[in-house]
Structure formats: C-alpha cells, structure tokens
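# Tertiary structure, described
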Amino acid sequence: MFFKKKLEHKDEPQPPQAPSSPSPLDTLRAKIGAAQLPHSVEEAVRGELSKLEKTDAAIAEYSVGINYIELVLSLPWNASTPCKLDLARAQSILDTRHFGLDQVKQRILEFLAAKTLCSKAKQSVLVVDDEEIARTNMVHVLGKEGYACHGAGNGTEAMEILTREEIDLVVTDLKMEKMDGLELLEWINRTTPEIPVIMVTGFATVSSAVDALKKGAAHYLGKPVNLDELRRTVKEVLEKKLFVRMGKGPILCFTGPPGTGKTSVGRAIAEALQRQFVRISLAGLRDEAELRGHRRTYVGALPGRIITELKRSGVNNPVFMLDEIDKIGQDFRGDPASALLEVLDPEQNVHFTDHYLELPFDLSRIMFIATANDLSKLPGPLLDRMECIEFTGYTEREKLHIAQQFILPRQLKFAGLSKNAVRFSPEGLTRVINDYTRESGLRNLERKIADICRKIAMICIKSN
C-alpha cells in the first residue's frame, strides 16, 4: 500500500516552471544582430564575444569584455542628423543671437553657402555593361531620376570616360571583354578611391559578391536587374557620398579676446545647421589619454573624451567645439596637442582610433570648431590644419546695443526687477562702458550691470 501511494504521488503533474531569463551573452548576441554594425566592427565584436564564452564569469576580464562590447554597440556608427542647410535661416539665427561681428558672420555664411551649393549639384553616374539593351535601360531609368548618365561597353571605355568626366558613381557589370568589372574596380580604387562602385552581374554567386565587396565595391546587385532596387541602391550610395563630402571641410578656429562670443557663435552654427552641439573644454588638459583613451590592459581603462561625447550625443555628425585649445598643457604623460593632429586632419580622421576602442571610427562627418585666445601658443602643425577667424571685439555702439537688447533684460530678471520699473539711460550705459569696462569682450560689462541691478534690488528691499 505504501509503494502504491508513492507511485501515485510520483505520477502527479508537476507545476510549470518559469522560463529562464536569457544570459548576458545571449542578450549581447541579440543586440549585435540588430545593431547593423559595419562589417569589420561586427567581426571584431563577435570575436570578443566568442572569447567571453570561454571565459569564467568570476574573473575581471569577463566584465571588462562585456563593458567593451556594450560601448561598441552604443556608438553612433550609422546614426546621423539629416543635412538641413537653409542659408536664410542660418543668417537669421546669427543676426538674432549676435549683434555686430559682421566679418565673422559673413565668413560663416560663405562656408555654409558652399555646403548648400555642394548639396544641390547634379550628380553623374557611369553605367558600364557589354549588353547594350541592359546598359540603355539602366541609363534611361537613372536619367529619369535626375542623374547625368554616361554609358560604356567595357572597362577600357569606362577608364577613358573617368579620365575626362567628373563621375560620382560607377555601376558596372562583372564579366566583360578587354577589362572586367573587378579589374575596373581595382583601377578606380587606385586612381579615384572616392568614387563608389556598384557591381551588377548575372553570375551572382556568394564568392563573387564577397570578393567584390572585399575589393571595395559599395554594393552588389544581380541580374536581371530589378529597376526599383537599382534606383533605391543608387540613391542610397550617392546620398551617403554627398553626406560625407558635406561633412568635410576646413576646421574653423575662432580666435580673439575673452568674452567676444566665440563659444556662443559655435552654438548658433549648430542651431542653424539643426545639429547636435558638443563642447569640450581643453583648458589644462595634460594627459593624452583623456583624448584618445586608455588601453584596455590598464585597470579602470576608459575611452577618450572624443568617443565618450559621441556616445552621449547619439549621432556621428555633431558640431564639435574644442574650447580653449591654446591652453593645453604638456608633460611626461604625453602631448595632447599632437594627439589633436589626427582628430583635426580631414585626411586622417576618417580612421580615428581610440586606444580603448581599438577600432577605426570615422570623424570626417563632424564639423570641428576650435577656440583660442592666443594663437602663438599653438604648435605650428596644429595651426596649419585650421582656418582662423578673428574676433576683434565690439565697438562702443555695438556694446550699447547688446547691453540694451540682451544684457539688461537678463540681469533685471535675475535681480527680480521689472524692466518697466527700472530704466537705464543710454548715457548711463555709455559711461559704464567707457569708464568701468574697457575691454574687447562683454563679460566685465555684464558683471558691472549685474552689480548695479543688485544694488537697485537692495534699495527696493530697504524702501519697503
């Protein structure tokens, strides 16, 4: 009887168990699959993940590896703010935010005007295919999209066109006589690597696609060509190229006395472009690792401030202000000014490598603006990479207008005073400007006006 009851008890249905939560590595694996990382970055991250699978979770390297993968996944590899260049809006913002500085605003508007024309230029496409019908169809379809199209029957004819015409994109067949698509791709990469190439072929095998992409092809399509897919692919590749081209340009350096509005003008430029604004103060910076990060072999290693701020902004094309660049220090820990050479050089910052990240990150989309009070303190090679715009200061008339329109309303509000109850005469403001604040900028003027407003507030309290 005892055994029978035990068997009956054993056969009773067990309560359902709660599903187990995914492990941290499974969560990271899912994030990697959904992140759409660049091919080289994804390979590196998956290699790091495979190491963690063989590592004991109790040792320190395990948490270091997880933090590293999470950093890579959080960086804006593909997230960008759309290009919105409206010259009239930019001029309105600069005029509203800043009175005076006419030469400075004119130079900035010229810079933005060049970007606007660049975005509106008609783009040209070269179609290379030995089948005349296929070539004619692609030229016709892309021409209706507004592109200036050229046609070539083989790689040799394409080379002749590329040497005499300005071509923005090449769409080429893979198998052709005289010179096939891969040979043309290699020649383009040697001579004009800035021209992207889309491979189109009827021999669409995995091996040929991988080979073409490894040799630098921007995309790969198979025959028969889906014309809607061709339109979409050409548009995506050309938009990406235009985006990179508009991001490149001279590095602006605002130089002048303190308080002349260098930082606020940089903020106004970001607002005019409708981009994120990132500011880093470099005053007193002595350790190169603060910019380029520490290698992961060090305990407590962290990425540099460039990568950290990009992670915080969430986009790869903000307006990046390097404030007080002339006050960088130098000691036994390195030379931060020399580390900036790679950051500010348009030819090098395409593959900027942070010591902690150890993966090249493209900084060419960022608009860098530096500020300095004394250019003589900057190293020559660093100064050579920047285009200086001088802030000479404000005249008495400009200071009077700024004090009346901007400084007074702000300081009256801070002192709890009504602008209708307190009136500053132009003569009184002019005396404050000339007798108490002889400076190029506006900081001391604002301090004096704030001092006067506080004294008036004290009188109002005592009288009540």
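Everything below is about the structure shown above.
We now turn to the structure provided with this report. Not measured: the values here are computed from a predicted model.

## Re the sheet that holds strand β3 (residues 169-173)
- Taken in spatial order, the five strands line up as β2-β1-β3-β4-β5 in an open sheet, and their pairing is parallel. The open sheet has two edge strands, β2 (148-152) and β5 (219-222), and neither has a second partner. Taking the axes of each pair of neighbouring strands and ignoring which way they run, one obtains an average angle of 20 degrees across the sheet.
- Of the strand pairs in this sheet, β3 and strand β4 (residues 197-201) are connected by four bridges, and their pairing is parallel. In the sheet register, V171 faces β4, and the bridge partner there is I198.
- Strands in contact with helix α9 (residues 181-191) are β1 (124-128), β3 and β4; relative to β3, the strand with the most contacts, it is inclined by about 155 degrees.

## Considerations on the layout of surface pockets
- For the second largest pocket, the calculated volume is near 590 Å³.
- Lining the second largest pocket are 26 residues, and of these H98, G259, G261, S264 and L442 sit closest to its centre.
- Looking at the lining of the second largest pocket, the elements that each hand over two or more residues are α12 (262-273), β11 (367-372), α17 (396-414) and α19 (443-463).
- Among the elements that line the lining of the second largest pocket, the one with the most residues is α12, at six residues.

## Considerations on the state of the cysteines
- Inspection of every chain in the model, using the stated rule, returns zero disulfides.
- Cysteine C253 shares no disulfide, and the gap to the nearest cysteine sulfur, in C388, comes to 4.4 Å.

## Description of the pairing of β3
- The element β3 is extensively covered by neighbouring structure, given that five of its five residues are classed as buried.
- Side chains L169, V171 and D173 of β3 all project onto a buried face; the interleaved residues V170 and T172 project onto the opposite face, where all are buried too.

## Thoughts on the side chain of N316
- If you trace the backbone, N316 turns up in the loop between α14 (305-313) and β8 (319-323).
- Here P76 takes part through its backbone oxygen, which lies 3.3 Å from a polar atom of the side chain of N316.
- Engagement of the side chain of N316 in a polar contact is seen with the side chain of S80, the distance being 2.6 Å.

## Section: the environment of A337
- Examined against the element boundaries, A337 turns out to sit in helix α15 (residues 336-344).
- Looking at A337, the relative accessible area reads 9%, which means it is buried.
- Spatially, the C-alpha atoms of A337 and K327 are 9.7 Å apart, while their sequence positions differ by 10 residues.
- If sequence neighbours within four positions are ignored, A337 has contacts with I328, P379 and L382.

## What about the sheet that holds strand β7 (residues 277-281)?
- Sheet architecture is open: five strands sit in the order β7-β8-β11-β6-β12, paired in parallel fashion. Here the strands that pair on one side only, and so sit at the sheet edges, are β7 and β12 (386-390). With direction set aside, neighbouring strand axes in the sheet form an average angle of 25 degrees.
- Contacting β7 and β8, α14 crosses the sheet at an angle of about 150 degrees to β7.

## Details of the packing of helix α5 (residues 87-97) against α12
- Where α5 meets α12, the closest approach of the two axes is 9 Å, and the angle between their N-to-C directions is 150 degrees. Of the possible angle classes, the one that applies to α5 and α12 is roughly antiparallel. Crossing of α5 over α12 shows right-handed handedness. Counting all contacts with α5, which are made through R89, A90, I93, L94 and R97, the residues of α12 involved are A268, E271 and A272.

What counts and what doesn't
Residues numbered from 1 in each chain as written. Predicted model: local features only at pLDDT ≥ 70, side-chain atom pairs only at ≥ 80, totals over all residues. Heavy atoms only, no water. Pairing = 2+ DSSP bridges. Helix = DSSP H or I, 4+ residues; strand = E, 2+ residues; numbered from the N terminus. Axes fitted to C-alpha atoms, helices over the stretch in contact; angles between N-to-C directions. Contact = heavy atoms within 4.5 Å. 1 Å grid on protein atoms, 1.4 Å probe; cavity = no way out; pocket = protein on both sides within 12 Å on 5 of 7 lines; lining within 4 Å. Points joined across faces, edges and corners; volume = space filled by probe spheres on them. Disulfide = S-S within 2.5 Å. Buried < 20%, exposed > 50% of the residue type's maximum accessible area, 1.4 Å probe, protein only. Polar contact = N/O pair within 3.5 Å; in protein donor to acceptor, adjacent residues only side chain to side chain. Parallel < 35°, antiparallel > 145°, perpendicular 65-115°, else oblique. Left-handed = near helix turned anticlockwise from the far one by under 90°.

Worth remembering: the numbers are spatial, not functional.
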